[in-house]
Amino acid sequence: PVALHISAEKNCLSDGGVRALVAALGSLMQGAVAYPRYISLFRNGIGDDGALALASLLIFQACHPGCGGKRVLQELHLSHNQLTAHGAGALITAARNAPYPYSHGVAKVPLWLRVEYNNIDHRLLPLTKHTHCPASGQCRAVHCARPAVPPVHLPHLDFQNFRSS
């Protein structure tokens with residue numbers, strides 16, 4: 001299968017466009033034609049429904065023969081959208097239940113999930129030191145500096161449009 005690198009930033013996709021994209025990707029994965037390695041959808045007006053569709057894609061790849069190992073979504077960029085803790089939490093939970101951390105050579109690597117500048121109250125997310133890494137310091141998209149590698153890297157999570165009172 002071909003690894004896809006999808007860059008659809010600033011396209012006004014919204015939730016409906018994400019659902020259509022996920023359906024098309026599911027068909028490609030089902031036919032063992034291609035799989036998404038990188039998806040960048042920042043500044044698209046995507047809300048929780050779009051995040052739920054993308055979470056289903058993470059779960060689908062975990063259940064589908066031919067996916068796994070390096071044939072997984074490695075990076076998902078959803079910054080500057082309209083996600084709340086509900087949508088972001090669904091993505092984190094899906095990554096926990098999917099093949100993350102994935103194998104990259106001898107290393108284990110979390111999903112690189114960018115969700116900064118949304119409407120996420122991170123206090124409502126299902127986060128523990130075992131579920132995510134803030135991806136600071138020496139972490140990169142294909143490397144986690146932690147000895148016990150969690151399923152998700154969440155760089156810049158504290159930068160949100162949401163402000164708690």
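Computed from a predicted model, the values in this text were never measured in an experiment. (Residues numbered from 1 in each chain as written. Predicted model: local features only at pLDDT ≥ 70, side-chain atom pairs only at ≥ 80, totals over all residues. Heavy atoms only, no water.)

1. A look at the overall build of the protein chain
Step number 1: Check the secondary structure of the protein chain and you find three helices and eight strands.
Step number 2: The N-to-C order of helical and strand elements in the protein chain reads β-α-β-α-β-α-β-β-β-β-β.
Step number 3: The C-alpha radius of gyration computed for the protein chain amounts to 15 Å, which stays within 12% of the reference 15 Å derived for 165 residues, consistent with globular compactness.
Step number 4: C-alpha extents for the protein chain along the principal axes are approximately 50 × 40 × 20 Å.
Step number 5: Expressed as a percentage of its 165 residues, the buried residues of the protein chain come to 47%.
Step number 6: A separation threshold of at least 6 residues defines the contact pool for the protein chain, and within that pool the share at least 24 residues apart is 79%.
Step number 7: Taking the average place of the 14 positive charges on the side chains of the protein chain and the average place of its 8 negative ones, the gap between the two points comes to 10 Å. (Helix = DSSP H or I, 4+ residues; strand = E, 2+ residues; numbered from the N terminus. Rg over C-alpha atoms; globule rule 2.2 N^0.38 Å. Buried < 20%, exposed > 50% of the residue type's maximum accessible area, 1.4 Å probe, protein only. Contact = heavy atoms within 4.5 Å. Lys, Arg positive; Asp, Glu negative; His and termini not counted. Charge placed at Lys NZ, Arg CZ, Asp CG, Glu CD.)

2. Things to note about the nonpolar core
Step number 1: One finds L41, L58, L78, L91, Y100 and L113 to be the most contacted residues of the largest nonpolar core, which totals 41 residues.
Step number 2: Taken together, the elements giving at least two residues each to this core come down to α1 (14-30), β2 (34-40), α2 (48-63), α3 (85-97) and β6 (111-114).
Step number 3: Considering each element in turn, this core owes the most residues, seven residues, to α3.
Step number 4: If sequence neighbours within four positions are ignored, Y100 has contacts with L58, Q61, V72, L73, A95, V109, P110, L111 and P151.
Step number 5: Membership of the second largest hydrophobic core comes to six residues, among which are W112, C133, A135 and A141. (Core = buried A, V, L, I, M, F, W, Y, C linked by side-chain atoms within 4.5 Å.)

3. Notes on the environment of P151
Step number 1: For P151, the position within the fold is in the loop between β7 (132-133) and β8 (152-153).
Step number 2: Look at P151 and you get buried, because its relative accessible area is 9%.
Step number 3: As for P151 and I46, which are separated by 105 residues in sequence, their C-alpha atoms are 23 Å apart.
Step number 4: Leave out the neighbours within four places in its chain, and P151 touches A95, R96, Y100, P101, P110, L111, H130 and T131.

4. Details of the sheet that holds β8
Step number 1: What the six strands build is an open sheet, ordered β1-β2-β3-β6-β8-β7; its pairing is parallel. The open sheet is flanked by β1 (2-7) and β7, the only strands paired with a single partner.
Step number 2: Where β2 and strand β3 (residues 75-77) come together, three bridges link them in parallel fashion. Bridge assignment links I39 to a residue of β3, and that residue is L76.
Step number 3: The strands touched by α1 within the sheet are β1 and β2, with β2 carrying the most contacts at an inclination of about 150°. (Pairing = 2+ DSSP bridges. Axes fitted to C-alpha atoms, helices over the stretch in contact; angles between N-to-C directions.)

5. Comments concerning the side chain of N81
Step number 1: By the secondary structure assignment, N81 is in the loop between β3 and α3.
Step number 2: By relative accessible area, which is 5% here, N81 ends up buried.
Step number 3: A polar contact of 3.0 Å, which involves the side chain of N81, links it to the backbone nitrogen of I46. (Polar contact = N/O pair within 3.5 Å; in protein donor to acceptor, adjacent residues only side chain to side chain.)

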